[in-house]
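Geometric and topological summary
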2 protein chains.
Amino acid sequence: MKHTKIIDCTIRDGGLVNNWDFSVEFVQDLYNGLNDAGVEYMEIGYKNSAKLLNATEPNPWRFLDDQFLKEIIPEKKFTKLSALVDIGRVDPNDVLPREESILDMIRVACYVREVDKGLELIQMFHDRGYETSLNIMALSSAPEHQLIEAFEMVKESPVDVVYIVDSFGSLDPSDIEHQVKKFQAMLPNKQLGIHNHNNMQLAFANTITAMRNGVTFLDSSVYGMGRAAGNCNTELLVSYIPKTTYELKPVLGVIEKHMLDMRQKWEWGYIIPYMISGVLNEHPRVAMAHRSSPDRDKFVEFYDKVTTPEASLAPV
Amino acid sequence: MKHTKIIDCTIRDGGLVNNWDFSVEFVQDLYNGLNDAGVEYMEIGYKNSAKLLNATEPNPWRFLDDQFLKEIIPEKKFTKLSALVDIGRVDPNDVLPREESILDMIRVACYVREVDKGLELIQMFHDRGYETSLNIMALSSAPEHQLIEAFEMVKESPVDVVYIVDSFGSLDPSDIEHQVKKFQAMLPNKQLGIHNHNNMQLAFANTITAMRNGVTFLDSSVYGMGRAAGNCNTELLVSYIPKTTYELKPVLGVIEKHMLDMRQKWEWGYIIPYMISGVLNEHPRVAMAHRSSPDRDKFVEFYDKVTTPEASLAPV
């Protein structure tokens, strides 16, 4: 486990909860807390293009800017910084050579059918000096033959880490073990990463199962903050993994100072409609819409809606 | 998994959260909901003795009375009823022969050092016609030689089910697998049960790990309600276990009608001081006291308190 690395995604995945409404103070406290806790990476947001997304409002953690990052983190410490990009939403011209940026790693999220496009971006970022990862989303519904084709391309690429992403929070520890073995067999030359969602309260269990099976990059977020049911909790990983460099206390400090209030203001975690979407292996968007409606606590109604045959045909 | 049985402990273990302040309506709705969900057992409380506990207030779910039970559950359905008793707190004279009671199962909780006393009670309840289980608590801190001696006695007893109880919520899936294999090897003639706490968000993962390894009696509670971090969630088991008789919807109905309000009024679940006590393999009582104090959200202070060397010497 000494090769294990935690990537804290509080800002990036948590931003999907609150539209990245994070104060500079919070992001700075989080960086310092993660650094003191010995967490290896902090994913400080998305490096997508405001122009490509027709964004009308500034959103510094969604459209990361190197100059701004250097201002708010004037002193880079042990914890490295990463950014996530989406296919078709990133303008490669926005990505400086690594020596001019304080980012260390660029991660590319893509569906299995777009792996070729993902790998083009990876090649570009790799050539600019970054560590790279390819995060294959919605794995639980990817057809096997697409995965096999994708792996053939991935094997030949310079990508450092390939992620298993349980986007819908529908996998259990034995599914994770199965996926890890498949990825290892088909990508023997790559490090693997894992990103879980907590719909069925399995994010932490799935993450440590992946770790025991040889996965080295573990995604998490403080107090589990992330879209819908949220992620594996950073404080649990830091407590659990027997690595002498990890310290729980600085993470507790961040939770105490910030996360309790944030959890009052915004919602994530084990919430029944998200549990249901996990069980049904569905994207959480229908459940998120339900939680934003006046019927948010009508669980039986929600269950009926998503389990009637028409529901699965409805456009989402 | 067709031999799997769920024992819902909402009233019994949840009562440790709210001093069994459950309305008759709630208990009836829960019984009907669990029955409609196909849950095999409902633990409707403790059958301890008010006299032996010097109780001054009536507490119907802590001191179960057969006559009262028959009044509130006039029609027994599919779901069986169980009660828990503690060594030294139960008066065997209070336990009627099974044919005069609506209880089906009596479970005896004990520490490994008192297994002999537990088995005396088991023999008595077995002779009166009940299904029985022995629930060995605080397993994570039981010395190995005591366990081996205890198993020798258990093997010869008529007890139907022997429980692995993770009282402190400190075990992970691989610990559970190890314990299950040990219990199976030493008690080949007994069915096994599992009772987990959710301090590290592992109660559900640990329960399904136990199930995959052959454990047949699975404890849970609706919305996880149970002491401190609570238990494995009944709604997760009912969703997850591929048994055609299980239905999620009736459990959702109970959560929607009752549990959200109850969770506002009383506290259980993934709460940082309980996470810390799980990680440290400690009884949650110090964390519970902290949560009842004005410093309840001072997590760093709590962590310092329980990790300084003096803390572990303090009387509890």
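In short, a report on the structure.

What counts as what
- In this numbering scheme, every chain counts its residues from 1 along its sequence in written order.
- Whichever chain is written first is A, and whichever ligand is written first is 1; the rest continue in order.
- Note on the predicted model: pLDDT of at least 70 is required for a residue's local features to be given, and 80 or more for side-chain atom pairs to be given and counted; whole-chain, interface and lining totals, by contrast, use all residues.
- Note: side-chain values were computed over all heavy atoms of the structure, leaving out hydrogens and water.
- Here, two residues are considered to be in contact whenever any of their heavy atoms come within 4.5 Å of each other.
- Joining two parts hides part of their accessible area as seen by a 1.4 Å probe, and the buried area is that hidden amount summed over both.
- One speaks of a salt bridge when a side-chain nitrogen belonging to Lys or Arg is within 4 Å of a carboxyl oxygen belonging to Asp or Glu.
- For the purposes of these results, a polar contact is taken to be a pair of N or O atoms within 3.5 Å, where, inside protein, one atom must be able to donate a hydrogen and its partner to accept one; residues adjacent in sequence count only when each atom of the pair is a side-chain atom.
- Comment: elements are numbered from the N terminus, with helices defined as DSSP H or I runs of at least four residues and strands as E runs of at least two.
- Throughout, the ten residues Ala, Val, Leu, Ile, Met, Phe, Trp, Tyr, Cys and Pro are labelled nonpolar, Asp, Glu, Lys and Arg are labelled charged, and all others, Gly among them, are labelled polar.
- Our superposition of the copies is a least-squares fit, built on the C-alpha atoms of residues whose pLDDT is at least 70 in both.
- Throughout this description, buried means an accessible area under 20% of the type-specific maximum (1.4 Å probe, protein chains only), exposed means over 50%, and partly exposed covers the range between.
- Note: two strands are recorded as paired if DSSP finds a minimum of 2 bridges between them.
- Orienting the strands away from the viewer, one traces the path from the first strand over the helix to the second; a clockwise path indicates a right-handed crossover.

Here we come to the interface of chain B and chain A. Quoted interface sizes are often the accessible area lost when the parts come together. Across the contact, 35 residues belong to chain B and 35 residues belong to chain A. Between chain B and chain A the total buried area reaches about 3,100 Å² when both faces are included, carbon and sulfur atoms providing 69% of it. When the buried area of chain B at its contact with chain A is split by residue, Q201(B), K249(B) and E256(B) rank highest and sum to 17% of it. Taken together, the links from chain B to chain A amount to four salt bridges. Taken together, the connections running from chain B to chain A amount to 16 residue pairs in polar contact (both at pLDDT 80 or more). Sorting the residues of the side of chain B that touches chain A by element identifies helix 6 (173-186), helix 7 (203-212), helix 8 (234-240), helix 9 (249-265), helix 10 (272-279) and helix 12 (299-307) of chain B as the ones contributing at least two each. Looking at which element gives the most residues to the side of chain B that touches chain A, the answer is helix 9 of chain B, with six residues. Its residues placed into classes, the side of chain B that touches chain A shows 21 nonpolar, six polar and eight charged.

Expressed as a screw operation, the relation of chain B to chain A combines 0.0 Å of axial shift with a rotation of 180°, fitting to an RMSD of 0.0 Å. Taken together, the rotation and translation describe the operation of a two-fold axis. Interface residue correspondence from chain B to chain A reaches 100%, placing this contact among same-surface, isologous pairings.

What follows is about the pairing of strand 4 (residues 105-110) of chain A. Successive residues of a regular strand alternate their side chains across the two faces of the sheet. Residues and elements named next belong to chain A. Most of strand 4 sits inside the fold, with six of its six residues counted as buried. Every second residue of strand 4 is oriented toward a common face, with M105, R107 and A109 on one face and I106, V108 and C110 on the other, all of them buried. As defined by bridge partners, strand 3 (residues 80-86) adjoins strand 4 across five bridges and the pair is classed as parallel. Paired with L84 across the two strands is R107, which belongs to strand 4. The pairing of strand 4 with strand 5 (residues 131-136) spans six bridges and is parallel. The residue of strand 5 that forms the bridge with M105 is E131. Read as a crossover between parallel neighbours, the route from strand 4 over helix 4 (residues 115-127) to strand 5 is right-handed.

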